[in-house]
Amino acid sequence: MFINPYAGRLDIKPVKSNFHIHAGTGPGTCGAYEIEPVIEAYRDCGYGALCISNHNLLTDPAPYREKYGIALLQGYEYTTREHLLCLGSPAFTPIPQDVIFRPGRDGLEEGPFGPVHRKRNVENLQKAIDDCKSAGGYSIICHPDCHVWGVSRDVIDAVGGYDAIEILNGLNTSDTYDHILSKGLLKWCTGSDDFHRWWHLGVCWNMIYGEPTEAGILEAMRSGAMYVSKGLSLQRLELSDGRIHVKVMGGDGFEGDMEYKFIGKDGRVLKVTNDTEASYRIKGNEAYVRLDVTSPEGWKLITQPVYDDAFFTEK
Amino acid sequence: MFVNPYKDCFEKKPLKCTFHTHAGTGPGTCGAYGIDDVLALYKELGFDSLCISNHNLYTDPAEYEKKHGILLFPGYEYTKWEHMVCLGTDKVLVPHPETMAPLEDPVTPYQAAIDGCNADGGFPILCHPNWPVEWALSKGFLSSVHRMRAIEAHNGSCGSNAWDHVLSGGRLIWGVGSDDFHRWWNLARSWNVVYADRDKPSIMAALKAGAFYASTGLALQGLTLDSDKISVEVINPNDYRDEFNFKFFGADGRLLKEVNEETATYRLKGGEKYVRVEVMNNAGRKLYTQPVYDDEYLSIEE
Ligand SMILES: [Zn+2]
Ligand SMILES: [Zn+2]
Ligand SMILES: [Zn+2]
Ligand SMILES: [Zn+2]
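Residues numbered from 1 in each chain as written. Chains lettered and ligands numbered in written order. Predicted model: local features only at pLDDT ≥ 70, side-chain atom pairs only at ≥ 80, totals over all residues. Heavy atoms only, no water.

Caption draft 1: Spotlight on the coordination of the zinc ion (ligand 4). Residue and element names in this part refer to chain B. Here the zinc ion (ligand 4) is held by H20 (NE2), H22 (NE2), E77 (OE) and D180 (OD), and the distances to it run 2.1 to 2.2 Å. Its four donor atoms give the zinc ion (ligand 4) angles of 79 to 163° at the centre, a pattern that matches the irregular case. Binding-site remark: the zinc ion (ligand 4) is held by donors from one chain whose sequence spacing is H-x1-H-x54-E-x102-D. A spacing of 3.2 Å is found between the zinc ion (ligand 4) and the zinc ion (ligand 3), which share E77 as a donor. Residue H22 is found in the loop between β2 (15–21) and α1 (35–44), and its partner E77 is found in strand β5 (residues 75–79); the two are separated by 55 residues along the sequence. Taking relative accessible area as the criterion, E77 reaches 0% and is therefore assigned buried. (Donors = N, O, S within 2.8 Å, 3.2 Å for Na, K, Ca; no water. Tetrahedral: all angles 85-135°; square planar, octahedral: opposite > 155°, others 65-115°. Helix = DSSP H or I, 4+ residues; strand = E, 2+ residues; numbered from the N terminus. Buried < 20%, exposed > 50% of the residue type's maximum accessible area, 1.4 Å probe, protein only.)

Encoded structure:
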């Protein structure tokens, strides 16, 4: 049976969220600016949920919660050759010394876009995923299979139990996402600014249909009640009479023709429509159908899959 | 005869430029941050040239230019209902500059500002024609104003339809990319790559000749016209993937050809007044080329 993760959710006002932010200039941090001005700028830009996710450093957001009145998840970016966002829990998995993240130092080799860490450590990555999960957290594989810090496909294939992958973080890595889904693993997709400097702010975010609290955000993210946006907003995504009906608008309520691309198993493009809305008739053998919508100026929106629950073995 | 404005461009090291920046927090300014802070970030991002273009307010760039080592054009943004970056002039020609209230006759003062900018050797750029709604600057208005040199092809919204409207009327104007910087989240969303030497007269001459393109992240590697064949080559400097969506547009915004490939070509059939190209990657990053145009149909308005 096909399941729509947005069913019954779209009446909730979505919370604009980004969980991949490097901020703070104290010892061990990797930010360029202090945490407070960064949170303030995100709040001014309309965000209601954030996570300060520094490299291998857990940040306690408690002092900022009251001051800024937005949901702040506790977390960090596990960082070796593989990067993983660990959100919504106090879990922190130490990094073995020989694969620790040391930009510009030893242990590097030439990659196609500059130096990359030589050593992989799949076991420790799996441990970070497991530690996060057992502490009630949510883990996201970062910038998979792309340039310098990409988590390669063989590593992604070797681990399990994570919740989502970043599909938009500078690049669109939807091919890796389709690879994961097509193996019968139901994982969600997220978008990130990977904020380090001001020009990263507000490039790509998640709209989450949940209560604007830490618990509400995590609950919605677990059930896939969210979408990735780079400027567009979801108005409708319904599954009725065997059809998926979808409508997307510009961020400021602008209605115009967009390219709606319906994507199925193995990344196959099932249908492309250029219109103000679109629909797709499910044939039954798709395994999943997800949407990648693009406006003429390059604004985007990526939905979670509407999926056949009989196909997915890991949920 | 078809003319390629990029002829002889690709030997030059391209410059990264933006001409639509609001900054400064003093009286009458419209910025959110100090000019020094904003310029320091553009400099760090590799920009060679920009313009502080505050609403109805001239900002003297001399002291900042020296301090930041970035080429700063004088200019301002003409701001009523209709907006225009008047690049390369220090004279604010706006009736009642203290207000942005719409005018009963929008054409006459707008035309005076265009002519004043041109008289100073400047480059008037019609702004965001589809903001806040599509055709915010109506076809009637676009047809009534003359001698503007450019239009924002990308400034949050896309200006392609208004650009095509002007081009299809036989008037050659160039397409510009602007981030319309007000807040950090506008920074470097869209810019121009200009084939010029690194000095202001050379940049201004290149702008007037259409020797530049608008980008939101992609880089043009080549655009050639070989008898009747237009060839376009593009890269994304941050990616190893090399497939792009190329759209060739002609008069009235008609889509002449669409290709998903590494490079693309278009064969002129004859009768196209112009052909311009928009390229996009799968993450929504774009570039907009200037038109390759038939000089029997299109010319820069004198
Ligand atoms: Zn990372
Ligand atoms: Zn990061
Ligand atoms: Zn404006
Ligand atoms: Zn402006």
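Caption draft 2: Quick peek at unusual backbone geometry. Residues and elements named next belong to chain B. Here the amide bond leading from W131 into P132 is cis, since omega sits at 0°, within 30 degrees of zero. Here P132 lies in the loop between β7 (123–126) and α4 (139–144). A positive phi angle, near 70°, is found at R147, a position not held by glycine. Tracing the sequence through the fold places R147 in the loop between α4 and β8 (150–155). With a phi angle near 45°, D180 is a residue other than glycine that sits in the positive phi range.

Caption draft 3: Quick peek at the coordination of the zinc ion (ligand 3). All names here are of chain B. Around the zinc ion (ligand 3), the donor atoms from the protein are E77 (OE), H83 (ND1) and H128 (NE2), and they sit 2.0 to 2.2 Å away. Between consecutive donors of the zinc ion (ligand 3), the numbers of intervening residues give the motif E-x5-H-x44-H. Classification of H83 as buried rests on a relative accessible area of 8%.

Caption draft 4: Inspection of the side chain of B:S53 at higher detail. Residues and elements named next belong to chain B. Structurally, S53 is set in the loop between β3 (49–52) and α2 (62–68). S53 sits in the buried class, given a relative accessible area of 0%. In this view, S53 contacts F19, H20, T21, H22, G75, Y76, E77 and V85; residues no more than four positions away in its chain are not counted. (Contact = heavy atoms within 4.5 Å.)

Caption draft 5: Layout of the packing of aromatic side chains. Under the criterion given, the structure shown has 32 aromatic pairs over all chains. Both rings, one in B:Y42 and one in B:F181, keep their centres 6.0 Å apart while their planes meet at 75°; by these two values the pair is edge-to-face. Taken as a pair, B:Y42 in helix α1 and B:F181 in the loop between β10 (174–177) and β11 (191–194) lie far apart in primary sequence, 139 residues in all. By the burial criterion, B:Y42 is buried, and B:F181 matches it. An aromatic cluster of at least three residues, connected via ring pairs, comprises A:Y33, A:Y42, A:Y47, A:F195, A:W198, A:W205, B:Y33, B:Y42, B:F47, B:F181, B:W184 and B:W191. (Phe/Tyr/Trp six-rings, centres within 6.5 Å; stacked < 30°, edge-to-face > 60°.)

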